[in-house]
Amino acid sequence: MPNNSLSALIPIHLDGLYLAQDTNVAGPMVDFSKLRKDSVPYLGEELTAKPLEDAHILQQGVHLHWALPDALTKTMSLPLVQCHTFHNVFGYTPGNALWRSLTKANWLTEVIPSKLAKVTVNPEGRRTPPAGIAPEQLEAVNALLDSPGFPAVPDRWLVSRYAADDKTIEKSWVVESDYMWPGNVDGKDNSQPARELVDYYTSYPQHTKGGATGALQYGFLGRYYEAGTTPPPATPDDYLPTPLTAVGYGEPSFAAFYPNCRSVFGFYDAEMQAMSAARTYGLLGFFSDPGLDYYALFRKDFLGKNPTPYPNIQLLEAITEEFQWFLPITLQQADVGADNWKLMAANGWLTLDSPTATSGTLSTVPLKLGNTLGPANETAEKTIRTKLDSLIDQQLPTQTLYYARGTVGPKPNTLPDTSKVSLAIGNTGTEAMSAFLAEKMATKEKALVEDYLEALQLESSLQHQQQDLGPKFEEARHAKGFQAVPGGAIWTVRNQSSTNNRAGATRAGEEATLPENLADMLNELNNLQQQLSQTNFQIESLQQQIFVDWCSYTLQENEVLHQPPPPPPETTSNIPPPPPGNGAPPPPPPPGSLGAAPPPPPGNMGAPPPPPGNMGAAPPPPPSNKPQQMGPVFDPAQAKKDLDNMRAFIEEWEIGVVLSGLQQQKTDLQQKLQTKHQAISSSLLQFQKQLQYLQAGDITDWENFVAAVAKLQAPAIQSINFASADSASVLKSLNQKLLDDPALPLSFPGTVPPEAAQLQALKGTGGWKPEAYLRYNRLLLEAMLPGLIKHQPKFILQPTAAPRYWQPNEPALLLTGLPPSPRHGQDGRLRDDNLLACCSMAVNGPPAASGTFTGINTKLNTIKTEEPDNFALHPKSTGWHPLILDWRVAFSQVKNPGAPKDDPYDYSYATSYVTENYGLATNQVEFSKIKDSNELSGAVPFTGRSILTPAAGLSQKKRSSISWLRIF
């Protein structure tokens, strides 16, 4: 029987940072606290962090940040869904109603009522909406049910600060990661009235039960209180209504980036603003609701499927595969006997401290049932596996706890030496890697070395090439710098086998020529399809333009609505002194501020609307060179007029005229396409009908064919005089029987082919027409007389991908000299099998309770002594873990000689620009410049933010290892 008190102790990373003074750092990816300002435009970009901007303050003292285990930062294999996802899509009340409908229809089985459920019906069984779900909602509901989810993570953390002796716990706090402070106000911390929540806690979007109306809601997530004291008062409504995950509200770096989650997966110790000696901090994480523990849910679900044989061995293997955790199962020689013990040790089933040890740990080898001990030991293996299954049942933990310790020193952390950091750039990641390695490895012929290294990366696509390897390499290298963009669809008529199992198999060496009228109709169909594809592209482009224009309007509207109050009237007492120098007046306000001299909005609102097809409308005129009239900086009447013009342009012209026209054009084309498709399908059936008649060339062996037909138990066929020497007359009579008889009284031998089954379904319906049962009878004869009648494939009308467009990839940057952080994706680095080494212990009672935690602390001290390399108990936590790169680059654009002289806002290039300035040499795949007359018109700056990943080095290492193995 399982021991329900056993908990798996999962090691995690804990890092500490001591700051001797307040320090500005990069802000959270999304700062919802900015919503408290009325002047913030209703745009998401206003809440996101700006690259290269230090918008957050870390206070003086000790900051702790722990990393979740890798297993909880990836999507689950179990189909679990959270109720709050329905709130996000449908609203609070409608989402709850849909949740109840799905539960009642048994599409969902609740794990935690009104919070978490398992999807119990596969997609094939969800094609008809159950009661309470409208047909138009079904697609969105199925999308939610099929979306992979992240597992819940611990929401309670016990943080302990040890005294200087590194043994005595000086003080402990309980962190409630899912506590939600009130939002939309400049709230104060109840325990520290001087603290503003915005400066110390994580801002988080908050879903209200009232629905989607009203202002955007947010709150501050996470709080802490001293362990052993009475928690501050709170109600269930004060906590996050949805299980907390590693991605939080949907930000991939939520748990990994400290400013995102400082009060959720982090802790600030303000009492240690002055440190004279290093201090150690301990961490213990657990679930406030054990029902959210994904490990426990996975364990229960797996055993509920009743796996056989040896269910617990299979369970341990499934846990190892899903979580990448090594959970030790200890056993003694006495458990299996001396002979079996030797047999297990010899085959790698045991991990022993010495060859003669009589106690050890079960390795991962026997978890796969295919790893047998050989035919001679079949009986012994059954005995061993039966015993192992029982031991696993007794020792496998039923729940999880998460632990760590880290030491923070009194010296402020410093960045590592970056003098060896190098940067390489290429059209692709492998090009950047090859360029870097060539620079490091070669003193001359660097370009040749780079080509060799790039060829190594392209080995899989080049290894089968026998001729023109050099040009093929250049072609493959060039193609990697682009990504395919769908070019729409093209319709084609092709023949498809219905008797061969291979999809698309056709009669070898035979093609059918379409009748001229059918070929013309197919061409008309493709013209309509091309027009529809172009219309869809135009709609997508226009929608993007409308979004950009609306964002511009929103920004300018916000500027108008929140103008500062006008200055007081000038008097002799408030007239400022003249400026130094010649006393010239100050320059006019820069273009862009609505008021006295506003720049015209995109599209020149006062001009007549542009003709259809000019999606961007007319560009704004250039700034006037006339001197600006002195006066008030802001003119409310002019500003309102400009806004009204801009809004009218977007709503009335872009949406009301151009977009509506394109959408109507799309509808018309779809109707024409459907009509033409039906006409071609009808003509194709008639064409197909003519091909079903048996021809002399369809019979492979006439004598055997006649003899086989005579044996068929079909009176209508036997009435034909097959003894006639006129084979054409015989086939004519047989074809007439195939056409006259709606169904020959014969049965398919074995499985009915899919096409014939589809035709069978038409019996008794209006679709059972001569062309249908003629085809059916032909297939029937082919099946009854195998090898004697050539198969006539079915002709189908189907869409295929049209020629694609190619879009160049963004440049790839490779940074070297920065050590990759072990906090993420490297939990198993201490074991050869890349599994995270865990342990287990019996835990009776709440983990944060004094008596329970004493036992856990003792266990952790034992682990620290026995496993000095255990990263969760490492004595120092001062490493630097680079995660995010903020960057700024400048793109030097070429002057456009074809732009109109009077319109500097025209950025379109002449159609002949590429051919006049670049050429494609023979046997080359890259353009080369044919003249150097283009001048650069200045650099355009770009900034951005990227997540750093060690994937390039790992990929290169793997590829190199495989290639060297092949070479040697």
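Preceding block: the structure.
Cut-offs used in this document
- Every chain is numbered on its own, with residues counted from 1 as its sequence reads.
- Where totals are concerned, whole chains, interfaces and linings use all residues; where local detail is concerned, this predicted model gives features only for residues with pLDDT of at least 70, and gives and counts side-chain atom pairs only at 80 or more.
- Computation of side-chain values: all heavy atoms of the structure, hydrogens and water removed.
- Secondary structure elements follow DSSP: runs of H or I no shorter than four residues count as helices, runs of E no shorter than two count as strands, and numbering proceeds from the N terminus.
- Here a residue-residue contact requires only that any non-hydrogen atoms of the pair lie within 4.5 Å.
- Each axis is a line fitted through C-alpha atoms, and for a helix only the stretch in contact is used; angles between axes span 0 to 180 degrees, taken between their N-to-C directions.
- Handedness of a crossing follows from how the near helix is turned relative to the far one, being left-handed for an anticlockwise turn of less than a right angle and right-handed for a clockwise one.
- Ten residue types, Ala, Val, Leu, Ile, Met, Phe, Trp, Tyr, Cys and Pro, are classed as nonpolar, four, Asp, Glu, Lys and Arg, as charged, and the remainder, Gly among them, as polar.
- Exposure categories follow from relative accessible area, calculated using a 1.4 Å probe and restricted to protein chains: below 20% of the type maximum is buried, above 50% is exposed, and the middle band is partly exposed.
- Think of a nonpolar core as a cluster: buried Ala, Val, Leu, Ile, Met, Phe, Trp, Tyr and Cys residues, connected wherever their side-chain atoms sit within 4.5 Å.
- For two strands to count as paired, DSSP must find a minimum of two bridges between them.
- The span one expects for a helix is its residue count, reduced by one, times 1.5 Å.
- Throughout this description, a polar contact denotes any pair of N or O atoms lying within 3.5 Å of each other; where both atoms belong to protein, one of them has to be capable of donating a hydrogen while the other can accept it, and for residues adjacent in sequence the pair is counted only when both atoms sit in side chains.
- Note that the arc is defined by the directions from the helix axis to the C-beta atoms.
- The working definition used for a salt bridge is a side-chain nitrogen of Lys or Arg within 4 Å of a carboxyl oxygen of Asp or Glu.
- Classification of ring pairs rests on two measures: the distance between centres of Phe, Tyr or Trp rings, Trp counted by its six-membered ring, which must be within 6.5 Å, and the angle between planes, read as stacked under 30 degrees, edge-to-face over 60 and tilted in between.

(A) The overall build of the protein chain, seen in detail. Each helix and strand counted, the protein chain has 24 helices and 31 strands in total. Within the protein chain, counting contacts between residues at least 6 apart in sequence, those at least 24 apart form 75% of the total.

(B) The arrangement of the packing of helix α16 (residues 636-692) against helix α21 (residues 770-784) in detail. Put simply, α16 and α21 touch, their axes get as near as 9 Å, and they point 35° apart. Regarding α16 and α21, the two cross each other, and that crossing is left-handed. Contact residues: α16 offers Leu685, Gln686, Gln688, Lys689, Leu691 and Gln692, while α21 offers Pro770, Glu771, Leu774, Arg775 and Arg778. When grouped by side-chain class, the residues that make up the contact of α16 with α21 number four nonpolar, three polar and four charged.

(C) Structural context of the environment of leucine 780. Among the secondary structure elements, leucine 780 is positioned in helix α21. What makes leucine 780 buried here is its relative accessible area of 0%. Other than its neighbours up to four places away in sequence, leucine 780 contacts Leu744, Leu746, Ser747 and Phe748.

(D) Seen up close, the nonpolar core. In this structure, Trp66, Trp157, Val159, Phe265, Trp325 and Leu388 are the most contacted members of the largest nonpolar core, which totals 94 residues. The contacts of valine 159, once residues within four sequence positions are left out, are Leu64, Trp66, Lys171, Ser172, Trp173, Val175, Phe267, Tyr281, Gly282 and Leu283. Counting 31 residues, the second largest nonpolar core, distinct from the first, contains Tyr693, Val706, Tyr776 and Leu788.

(E) Up close: the pairing of strand β25 (residues 812-816). Here β25 shows a buried face lined by Ala812, Leu814 and Thr816 and an unburied face lined by Leu813 and Leu815. Looking at chain direction, strand β20 (residues 422-426) and β25 are connected through five bridges and run antiparallel. Residue pairing for β25: alanine 424 is matched across the bridge by leucine 814.

(F) Fine view of helix α2 (residues 92-104). For α2, with 13 residues, the first-to-last C-alpha span of 18 Å sits near the 18 Å given by 1.5 Å per residue. Looking at α2, one finds that the buried residues are Gly95, Asn96, Leu98, Trp99, Ser101 and Leu102. Buried residues belonging to α2 abut β6 (80-82), α1 (83-90), β7 (108-112), β8 (116-119) and α3 (135-146). A positive phi of about 65° marks asparagine 106, the residue just after α2.

(G) Spotlight on unusual backbone geometry. The peptide bond linking threonine 308 to proline 309 adopts the cis configuration, its omega dihedral lying at -10°. If you trace the backbone, proline 309 turns up in the loop between α6 (294-304) and α7 (311-323). Positive phi, close to 65°, is recorded for aspartate 166, a residue that is not glycine. Its location among the elements puts aspartate 166 in the loop between β9 (156-162) and β10 (169-181). Its relative accessible area of 33% is what places aspartate 166 among the partly exposed residues. With a phi close to 50°, tyrosine 310 is a non-glycine residue in the positive phi region.

(H) Here's a closer look at the sheet that holds strand β17 (residues 350-351). If you walk across this open sheet you meet the three strands as β16-β18-β17, and the pairing is antiparallel. Looking at strand neighbours, the two that pair on one side only are β16 (330-332) and β17, the edges of this open sheet. Relative to strand β18 (residues 359-362), β16 runs antiparallel, the two sharing three bridges. Bridge pairing links leucine 331 to glycine 360 in β18.

(I) View of the sheet that holds strand β11 (residues 202-205). If you trace the eight strands from one edge of the open sheet to the other, you get β11-β12-β10-β9-β14-β19-β1-β27, paired in mixed fashion. Lying at the two open borders of the sheet, with one neighbouring strand each, are β11 and β27 (839-842). Averaged over all neighbouring strand pairs, the angle between strand axes comes to 30°, with direction disregarded. In this structure, β10 lies alongside strand β12 (residues 218-226), joined through six bridges in antiparallel fashion. Considered in β12, the bridge of glutamate 176 is made with arginine 223.

(J) Structural context of the environment of histidine 13. By the element assignment, histidine 13 lies in strand β2 (residues 13-19). The sequence separation of histidine 13 and histidine 65 amounts to 52 residues, and the corresponding C-alpha distance is 8.4 Å. Ignoring anything within four residues of it in the chain, the contact list for histidine 13 reads His65, Trp66, Ala67, Ala404, Pro822, Arg823, Arg829 and Phe871.

(K) Representation of the side chain of asparagine 870. By secondary structure assignment, the location of asparagine 870 is in the loop between α22 (850-866) and β28 (884-894). A polar contact is formed between the side chain of asparagine 870 and the side chain of tyrosine 403, at a distance of 3.0 Å. The contacts of asparagine 870, once residues within four sequence positions are left out, are Pro11, Tyr403, Leu830 and Ile863.

(L) Representation of helix α9 (residues 338-346) in the model. When we look at burial in α9, the residues that qualify are Asn340, Trp341, Leu343 and Met344. Taken around the axis of α9, the buried residues stretch over an arc of 165°, which confines them to a single face. Of the residues in α9, the exposed ones pointing more than 90 degrees away from the buried face are Asp339, Lys342 and Ala346. Check the buried side of α9 and you find it contacts β16, α8 (333-336), β17, β18 and α10 (378-395). Where α9 terminates, the next one or two residues include glycine 348, which has phi positive at roughly 75°.

(M) Here's a closer look at the pattern of salt bridges. Using the criterion set out here, one finds 25 salt bridges in the structure. Aspartate 178 is the partner of arginine 156 in a salt bridge, and the nearest nitrogen-oxygen pair spans 2.6 Å. Of the two residues, arginine 156 sits in strand β9 while aspartate 178 sits in strand β10, which places them 22 residues apart along the sequence. Looking at arginine 156, the relative accessible area reads 11%, which means it is buried. Accessibility expressed as a relative area gives 9% for aspartate 178, which makes it buried.

(N) Region of the structure containing the packing of aromatic side chains. Per the stated rule, a full pass over the model turns up 26 aromatic pairs. When the ring of tyrosine 179 is compared with that of tryptophan 181, the centres are 5.3 Å apart and the planes differ by 90°; the resulting orientation is edge-to-face. For the residue pair tyrosine 179 and tryptophan 181, the accessibility class agrees, reading buried in each case. Note on tyrosine 179: relative accessible area 6%, which makes it buried. Among the aromatic residues, those joined into a ring-pair cluster are Phe32, Tyr204, Tyr249, Phe254 and Phe265.

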